[in-house]
Structure formats: C-alpha cells, structure tokens
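Topology and contacts: notes
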Amino acid sequence: MPDNTDHNDKLSIEPMSGDHMRFLVGKVIQALEEPQETVVSQTPEAISPSVDPPWTLQQFFNGEINLDVELANRFRNMPVMSTINFRALGNRTGRGVATIAAQDGAAQVIFDADRTTRVVHLSFTFGSMLTLHFRLQQLNDVDRARWVALMRRETGGLAFLWGPPRWENDYVICVSRKYFTNLFAFSPNNFEAAVRMTPEVTRKLIDWLDDFWKLDEDPPEDDPPRLLTW
C-alpha cells in the first residue's frame, strides 16, 4: 500500500483566523454589490466572520439563489411607504427623527438618528400595536459612505448596510429598482421586517441619513462647553 501521509498533510488546511474571515467576507460583499451583479461563489467557511451566516445569505454567497427574488418571495405584499416627514428630537441633542408611512397610516417606519455618534435606530410599526426595533450601531464611516453611494446608483441593485460583524448584529438589505426600493431589516434575535418605498421617499431618506452621517464641523471658539449631557 502506498504511503499517503505526506499527501494528506499537503491537503490539510489550517483554520483561518477571525480577522482573515472578516477580510474575506468584506471582499465577497464588495464584489456582490457591484452593478454588474457578478455571482461570486465562496464556501461557508470562507465568508463567515465567526458564526455561520443565515441560510438565505449562505445560499446567496454560494451563488445558488437570487437574493432579490428570494426576499421578495418571503415578504409578499409589503406595505408601500409613500409619505415622509422629519423633525428634530430636541434642540441640544443633535438627534432627529424621520418617519416614513403608508398612505393609510396603517404601517410606518421611524428612523432615529444621532448626529454625534451617527447611530441609527429603526422601528417598524404595524397597526399602532406591534413594533420591531433594530439598532445599526456597529457601522463605520466606510460602511455608511459606501451604502449611500450604492443607494444612489442609477442602475439600482443590492446594498448591504452592516458593519464588520455583518449578520452577528442588526443589519439592513436594500434592493433599489426604478419605481421602488425594498428595505429589509434583520436581527440575530430572530425577527425581521420589510417595507417598500417610493422613489421620492427613498431619495429624501438617503439625503437625510447622509446629512446625519457627515462629520460635524468644529464648534465656534466662543461656544461655551456644555457641562450636562443626557
């Protein structure tokens, strides 16, 4: 019998570190978000930061499903958000609220944004009775800027809004088309929500978020320091 010891040793694969896995998943998502919508095939081990991705994302990374079609099939008859309004949440907090709602008021999504931390919370409410809350608090400036740029593409397409932990924290997937944009929110706590936005609502929402995510300018020198913060 031939000795296969050396051959098997050559085929053994050293386990990847967490940092290496995060780097690979970032490259995969970057390729998937290009307008050409090129399918990139990766093994689950190569794309997972530290835990396996949800099955739907796993099949998408493997090139076995069209994520746009799959999500549309899972979230049929999404309420259409056709109105949007903005308001400040106090004068000193640097926080604002954007509310998008269906024409009949039966469903709405509230975006709470903080200009200082640039954290955004999403609250999906149906029938003024049930609310699902999502926190986008693990994003960095690159994640935010890239998502805004992708959402403004004339060609539309997929846009993932998540930070380095990816699916380990709350995240958003948007699918932009000519006449509508589907917004899907997911939480690792096993709840999800989705709405459809009109082009006007989408544009105004993106502009509003982009403004909140911009770095603040240095305050004037004569601006007295605030001793109390809440």
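Everything quoted here is computed from the prediction, not taken from an experiment. (Residues numbered from 1 in each chain as written. Predicted model: local features only at pLDDT ≥ 70, side-chain atom pairs only at ≥ 80, totals over all residues. Heavy atoms only, no water.)

Some details on the side chain of arginine 118
How we decide: Labels follow the DSSP assignment, with helices taken as runs of H or I lasting at least four residues and strands as runs of E lasting at least two, numbered in each case from the N terminus. The cut-offs for exposure are 20% and 50% of the maximum accessible area for each residue type, with area from a 1.4 Å probe on protein chains only; residues under the lower value are buried, those over the upper are exposed, and the others partly exposed. Here a polar contact is taken to be a pair of N or O atoms separated by no more than 3.5 Å, where protein atoms must pair a possible hydrogen donor with a possible acceptor and residues adjacent in sequence count only if both atoms sit in side chains.
Mapping arginine 118 onto the fold places it in the loop between β3 (107–114) and β4 (120–126). Under the relative-accessibility criterion, arginine 118 is labelled buried at 13%. At 3.3 Å, the side chain of arginine 118 forms a polar contact with the side chain of aspartate 141.

Describing helix α5 (residues 67–74)
Defined as follows: The directions from the helix axis to the C-beta atoms are what the arc is built from. Contacts between residues were defined by any pair of non-hydrogen atoms, one from each residue, lying within 4.5 Å.
If you check which residues of α5 are buried, you get Leu67, Asp68 and Leu71. Axial view of α5: buried residues confined to an arc of 100°, hence all on one face. Buried-residue contacts for α5 involve α4 (55–61), β6 (157–161), β7 (171–176) and β8 (181–187). Looking at where α5 begins, the residue whose side-chain oxygen comes 3.0 Å from the main-chain nitrogen of aspartate 68 is asparagine 66.

So, the packing of aromatic side chains
Inclusion rule: Each Phe, Tyr or Trp ring (for Trp, its six-membered ring) is paired with any other whose centre lies within 6.5 Å, and the angle between the two planes then decides the class: stacked below 30 degrees, edge-to-face above 60, tilted in between. Over a ring means this: the NZ of a Lys or the CZ of an Arg is within 6 Å of the ring centre and within 35 degrees of the ring normal.
Applying the stated criterion across every chain, the model contains 14 aromatic pairs. Taking 6.4 Å as the distance between ring centres and 80° as the angle between the ring planes, the aromatic pair formed by phenylalanine 75 and phenylalanine 186 counts as edge-to-face. Here phenylalanine 186 lies in strand β8 and phenylalanine 75 lies in the loop between α5 and β1 (80–88), a separation of 111 residues in the sequence. With relative accessibility at 15%, the residue phenylalanine 75 sits in the buried group. Under the relative-accessibility criterion, phenylalanine 186 is labelled buried at 8%. Each member of the aromatic cluster is reached from another via a ring pair, and the members are Phe60, Phe61, Phe75, Phe160, Trp162, Trp167, Tyr171, Phe184 and Phe186. Sitting over the ring of phenylalanine 212, arginine 115 keeps its end group 4.2 Å from the ring centre. We note arginine 196 situated over the ring of phenylalanine 180; from NZ or CZ to the ring centre the distance is 4.1 Å.

Some thoughts on the environment of arginine 115
Here arginine 115 shows up in the loop between β3 and β4. In the structure, arginine 115 is positioned 98 residues away from tryptophan 213 in sequence and 6.5 Å away in space, judged by C-alpha atoms. At a separation of 3.3 Å, a polar atom in the side chain of arginine 115 contacts the side chain of aspartate 211.

Focus on the confidence of the model for the chain
What counts here: A residue's pLDDT is the confidence the predictor assigns to it, expressed on a 0 to 100 scale.
Residues at a pLDDT of 70 or more form 71% of the chain, whose mean pLDDT is 80. Put simply, helix α3 (residues 44–47) is where the chain has its lowest mean pLDDT, 41, and β8 is where it has its highest, 98. A low-confidence stretch, residues 35–48 stays under pLDDT 50, and its non-local contacts, those more than four residues away or across chains, total 34 contacts.

Regarding helix α7 (residues 199–213)
This is how the line gets drawn: Here a helix's expected span is defined as the number of its residues, less one, multiplied by 1.5 Å.
Here α7 is 15 residues long and its end C-alpha atoms lie 21 Å apart, about the 21 Å a rise of 1.5 Å per residue gives. For α7, the complete set of buried residues consists of Val201, Thr202, Leu205, Ile206, Trp208, Leu209, Asp210, Phe212 and Trp213.

Some points on the packing of helix α6 (residues 141–151) against α7
Which entries qualify depends on this criterion: All axes are obtained by fitting lines to C-alpha atoms, using only the stretch in contact for helices, and the reported angles, taken between N-to-C directions, cover 0 to 180 degrees. Orientation categories follow fixed angle ranges, with anything under 35 degrees roughly parallel, anything over 145 roughly antiparallel, 65 to 115 roughly perpendicular, and all other angles oblique. Put simply, a crossing is left-handed when the front helix is turned counterclockwise from the back one by less than a right angle, and right-handed when it is turned clockwise. Three classes are used: nonpolar for Ala, Val, Leu, Ile, Met, Phe, Trp, Tyr, Cys and Pro, charged for Asp, Glu, Lys and Arg, and polar for all others, with Gly counted as polar.
Where α6 meets α7, the closest approach of the two axes is 11 Å, and the angle between their N-to-C directions is 160°. On the basis of their axis angle, the class for α6 and α7 is roughly antiparallel. Crossing hand, α6 versus α7: left-handed. When α6 is examined against α7, the residues Arg144, Trp147, Val148 and Met151 are found in contact with a partner set consisting of Thr202, Ile206, Leu209, Asp210 and Trp213. Within the contact of α6 with α7, the residues separate by chemical class into 6 nonpolar, 1 polar and 2 charged.

Notes on the sheet that holds strand β2 (residues 95–102)
Working definition: the strands of a sheet are paired by backbone hydrogen bonds and lie parallel or antiparallel to each other. Basically, it comes down to this: Any two strands with at least two DSSP-identified bridges between them are counted as paired.
The strand order β5-β4-β3-β2-β1-β9-β8-β7-β6 describes an open sheet built from 9 strands, whose pairing is mixed. Each edge of the open sheet carries a strand with a single partner, namely β5 (130–136) and β6. Strand after strand, the sheet turns through a mean of 25° between neighbouring axes, direction not considered. Relative to strand β9 (residues 191–197), β1 is paired through 2 bridges, and the arrangement is parallel. The residue of β9 that forms the bridge with valine 80 is arginine 196. Along the sheet, α5 contacts β6, β7 and β8; its crossing angle with β7, the most-contacted strand, is approximately 105°. On the sheet, α7 packs against β1, β2, β3, β4, β6, β8 and β9 and is oriented at approximately 30° with respect to β1.

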